[in-house]
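This is what each chain is made of:
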Amino acid sequence: MSEQKGKSEGISRKERKLQTAKEEKKKNRPSGKKKPGVKRSAMPGKEVGGEQAASALPAAQSERKPAPRKERSERGASAGRGRASASARPAESNDQAERLSPSERYEKRQSERASAEAAKQASGQKKTKAKRETSASRQPYAGSKAPVSGTDMGKTQSGRVQRDPAAAGKNPYPNGNAAAGKLTAAPADAEQVKVGDRIVVTIKRIGINGEGVGYFRRKAVFVDGAITNEVVKAEVLETQAKFIKAKLIEIEKKSKHRVEPPCPVYGICGGCQLQHISYEGQLIAKLEIVREAFSRYANLSDLKIKPTLGMDRPWDYRNKAQLQVERRDVKGAKSEVIAGLYEIGSHEIVDISGCPIQHPQVNRAIDRVKAVLGDLNIPLSKGDSRGGRGDIKDSGTRKGVRTIVVRNGFQSGEIQVTLVTETADLPRQEDLIERLRLELPEMSGLSVNVNPFKTPLVFGERTIGLWGNEAMNESLGDLNFTLSPRAFFQLNPEQTIKLYETVKAGAALTGKETVVDAYCGTGTIGLWLAPYAAEVRGIEVIPEAVEDARRNAERNGRDNADFFEGEAEDLLPRWAKEGYSPDVIVADPPRVGLDRKFLETVLRTKPQKFVYVSCNPSTLAKDCKVLLDGGYEIQSVQPLDMFPQTSQVECVTVLVKK
Ligand SMILES: C[S@@+](CC[C@H](N)C(=O)[O-])C[C@H]1O[C@@H](n2cnc3c(N)ncnc32)[C@H](O)[C@@H]1O
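A brief look at the structure comes next. Small disclaimer: the values here were computed from a predicted structure and weren't measured. (Residues numbered from 1 in each chain as written. Predicted model: local features only at pLDDT ≥ 70, side-chain atom pairs only at ≥ 80, totals over all residues. Heavy atoms only, no water.)

A short note on the overall build of the protein
Under the convention used in this document: Going along the chain from the N terminus, every DSSP run of H or I of four or more residues is numbered as a helix, and every run of E of two or more is numbered as a strand. Burial status follows relative accessibility: with a 1.4 Å probe on protein chains alone, a residue under 20% of its type maximum counts as buried, one over 50% as exposed, and anything between as partly exposed. Whether two residues touch is decided by their heavy atoms; if any such pair falls within 4.5 Å, the residues are in contact. Per-residue and other accessible areas follow the Shrake-Rupley method at a 1.4 Å probe size, with only the shown protein chains counted as cover for residues.
In terms of regular secondary structure, the protein is built from 13 helices and 22 strands. In the protein, buried positions account for 61% of the 658 residues. Sequence-distant contacts, at least 24 apart, represent 67% of the contacts inside the protein between residues at least 6 apart. Per element, the accessible surface of the protein, about 26,200 Å² overall, is 48% carbon and sulfur.

Right, here's the structure in full:
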């Protein structure tokens, strides 16, 4: 698509790209789908501080780092049934730190981490903004093919010769005769490479954020959209002491795994990173990501890693969407409500309906919720320029719904709807309940979560049930679970069963062992293992998840399992002091990995087995290094694909005491 065309037509390049992409999407549907959709919802957080800094994806990051909480959830007046709300204790001042409860300390730390992360990303964005073009030109593989050498090398798609710095009279290659659109010579030294230069790079692997990684004169080059074994021409966007970031311009040698991304907003919304790679290629890439992490952070370059366990049909797999919502004016028509993820590197929402990795029931529910919010003119915190805002205007600040969270039960068929708002007093609640019940008969509960703060964390402290059951039901295998709106539950149920079976096989329990399920969420792993263990103790920091876990143990008759509220790094050492030393520890921490105190306690108490479930290969490898140095050895590493089309990879690593 020519960048020039359309500029004069009064629409932005981004809008034009979206429009054209939408037309193109009809041709490129994922197999087996009638309606192709757009992109994913909340996505698991990107790596920062690994090979390169990640771009901002605020909505996504909260997925595996659930927002902390100070209060018990409460039910709203209109709900009838109610639980008392405990008042929140401020956790801000340092001198109060020792008086904070585990969940408050956790909340404080998460919030500090999130703010630091947001500040880091904001400054990164500022630095790179000037060098960036539109999303479409940033990611030339998105929605259209990157030009391949020999066809239109050195030309734009509208046929004009590309102006490179050399052609503009500024030769970036002192040793060569660079001509327009053609690379004839390159600097002898990577340090001479400048922004705007074009370099040819052979891609060696896929990086942790899905980018192609190659080397130019031994310096790492990150090229979004490039694939292992491809030879690409790339334009330098940023040079740093340890790496170069470059934009894919042409593919000189194309990978056999390159495919047309089916999603029309791929490369814009930022949810998926690997749609341009065949699924077989994605599974190989994920294995390589794990291999690279162990090699880099644990000096284990020859570690045997099993092939990635994938899905037969890697679409429609997500059971939860967490989308930012906005009311947009439409010329000459009623304003419309859109919901989506933030565009890569910005706070502009990319509307996504029919996301191809989201379960269709979730997509449908999101569409209905959007329509009802629009019809009832419910205030939204973003872009609410027409009606509604006046209802709950507060000192000129917009107040209203900020995020729609929808979770579905693949087995139960239930839909849980949570609207994250800035104030609890959303107007027209009765109408909202009535309309949503009508539009979404499968809705089992509607809640409002109040988050008045500007934070990258989606959820606030209070959840107010508006209608139905605040917690929903879902099953996995023969287990039935109760899930509160803020409690973590794995996002890909089909793969979760494989994940838990891998944990079970790794733990190889005989029925005599005491087991700790650290970072247990609603108790799912512990309850999966309980029939094969003498006793299971779970540790979880989110209070309502612990309540769910206890209820789940009772519901499923697992009377040898108990669940405790607290931080794993506090509770495990405390138990150790009391003389408790489990035979097996299973740990499934968020992306930040294991706390040092937790690891030290593991090394002191020496469980026979340590089963590490990780969604971040870098922190996994770093933590494993500590365990290896402390007397453990790795028995097996099994990568699993919980998030097809994204660069995320889950791993079950079994360590045994030497
Ligand atoms: C990746 S989830 C895993 C949950 C569960 N194992 C499952 O499969 O559904 C991580 C869980 O750890 C909890 N968590 C985060 N930090 C924690 C900490 N320091 N101590 C205990 N739990 C924590 C989160 O609330 C979340 O439920």
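Thoughts on the sheet that holds strand 17 (residues 535-540)
Worth spelling out the cut-off: Criterion used throughout: strands pair if DSSP finds at least two bridges between them. To obtain each axis, a line is fitted to C-alpha atoms, and for helices this fit is confined to the stretch in contact; angles are then taken between N-to-C directions over 0 to 180 degrees.
Strand order in the open sheet made by the seven strands is 18-17-16-19-20-22-21, with mixed pairing throughout. Sheet topology places strand 18 (561-565) and strand 21 (632-640) at the edges, where each strand pairs with a single neighbour. Put simply, the sheet's adjacent strands are angled 15 degrees from each other on average, direction ignored. In this structure, strand 16 (residues 514-518) lies alongside strand 17, joined through five bridges in parallel fashion. Following the sheet pairing, Val 516 is matched in strand 17 by Arg 537. Most of the contacts of helix 8 (residues 493-507) go to strand 20 (residues 609-614), to which it runs at about 165 degrees, and overall it touches strand 19 (584-587), strand 20, strand 21 and strand 22 (650-657).

A closer look at the pairing of strand 5 (residues 231-239)
Of all the nine residues making up strand 5, eight are buried; the element is thus mostly covered by neighbouring parts of the structure. In this structure, strand 5 lies alongside strand 6 (residues 243-253), joined through eight bridges in antiparallel fashion. Within strand 6, the position partnered with Thr 239 by the bridge is Ile 244. Counting the residues in the hairpin turn of strand 5 and strand 6 gives three residues.

What to know about the sheet that holds strand 2 (residues 198-206)
Spatial ordering of the closed barrel is given by 2-3-4-6-5, a layout of five strands whose pairing is mixed. With strand direction ignored, the average angle separating the axes of adjacent strands in the sheet is 50 degrees.

A closer look at the packing of aromatic side chains
What counts, and what does not: Within 6.5 Å between ring centres, the rings of Phe, Tyr and Trp (the latter by its six-membered ring) count as paired, and their orientation is classed by plane angle as stacked under 30 degrees, edge-to-face over 60, tilted in between.
Throughout the structure, instances matching the rule amount to eight aromatic pairs. Between Tyr 500 and Trp 528, the aromatic rings sit 5.5 Å apart at their centres with planes inclined by 65 degrees, giving edge-to-face as the arrangement. Within this pair, whereas Tyr 500 is found in helix 8, its partner Trp 528 is found in helix 9 (residues 524-529), the two being separated by 28 residues in sequence. According to the relative accessible area criterion, Tyr 500 is buried, its value standing at 3%. Between the aromatic rings of Tyr 519 and Phe 598, the centroid separation amounts to 5.8 Å while the plane-to-plane angle is 65 degrees, which identifies the pairing as edge-to-face. One end of the pair, Tyr 519, is in the loop between strand 16 and helix 9; the other, Phe 598, is in helix 12 (residues 596-605), with 79 residues separating them in the sequence. Of the two residues, Tyr 519 and Phe 598, both sit in the buried class.

Comments concerning helix 11 (residues 568-577)
With respect to burial, helix 11 is a largely interior element, eight of its ten residues being buried. Among the residues of helix 11, those classed as buried are Ala 568, Glu 569, Asp 570, Leu 571, Leu 572, Pro 573, Trp 575 and Ala 576. Downstream of helix 11 by one or two residues, Gly 579 has phi in the positive range, about 95 degrees.

Some words on the packing of helix 6 (residues 360-375) against helix 7 (residues 429-439)
Put simply, the test is: Take the far helix as your reference; a near helix turned counterclockwise from it by less than a right angle gives a left-handed crossing, and one turned clockwise gives a right-handed crossing. Residues are sorted three ways: Asp, Glu, Lys and Arg are charged, Ala, Val, Leu, Ile, Met, Phe, Trp, Tyr, Cys and Pro are nonpolar, and all the rest, Gly among them, are polar.
Two numbers describe how helix 6 lies on helix 7: the axes approach to 10 Å, and their chain directions differ by 145 degrees. Relative to helix 7, helix 6 is oriented so that their crossing is right-handed. Listed contacts from helix 7 to Arg 368, Val 369, Val 372, Leu 373 and Asp 375 of helix 6 are Leu 432, Arg 435, Leu 436 and Glu 439. In terms of residue class, the contact of helix 6 with helix 7 is built from five nonpolar, no polar and four charged.

A short note on the pairing of strand 6
Put simply, side chains in a regular strand alternate between the two faces of the sheet. Among the eleven residues of strand 6, eight are classified as buried, and the element is accordingly described as predominantly covered. Looking at chain direction, strand 4 (residues 219-224) and strand 6 are connected through five bridges and run parallel. Paired with Val 221 across the bridge in strand 6 is Ile 244.

A word on the pattern of salt bridges
Inclusion rule: Here, a salt bridge means any Lys or Arg side-chain nitrogen found within 4 Å of an Asp or Glu carboxyl oxygen.
What the rule picks out here adds up to 23 salt bridges. We note a salt bridge from Arg 198 to Glu 235, for which the minimum N-O separation is 3.0 Å. With Arg 198 in strand 2 and Glu 235 in strand 5, the pair connects residues that are 37 residues apart, well separated along the chain. The exposure classification of Arg 198 matches that of Glu 235, with both residues buried. Salt bridges linked by common partners bring Lys 334, Asp 375, Arg 435 and Glu 439 together as one network.

Just distances and angles here, no functional claims.
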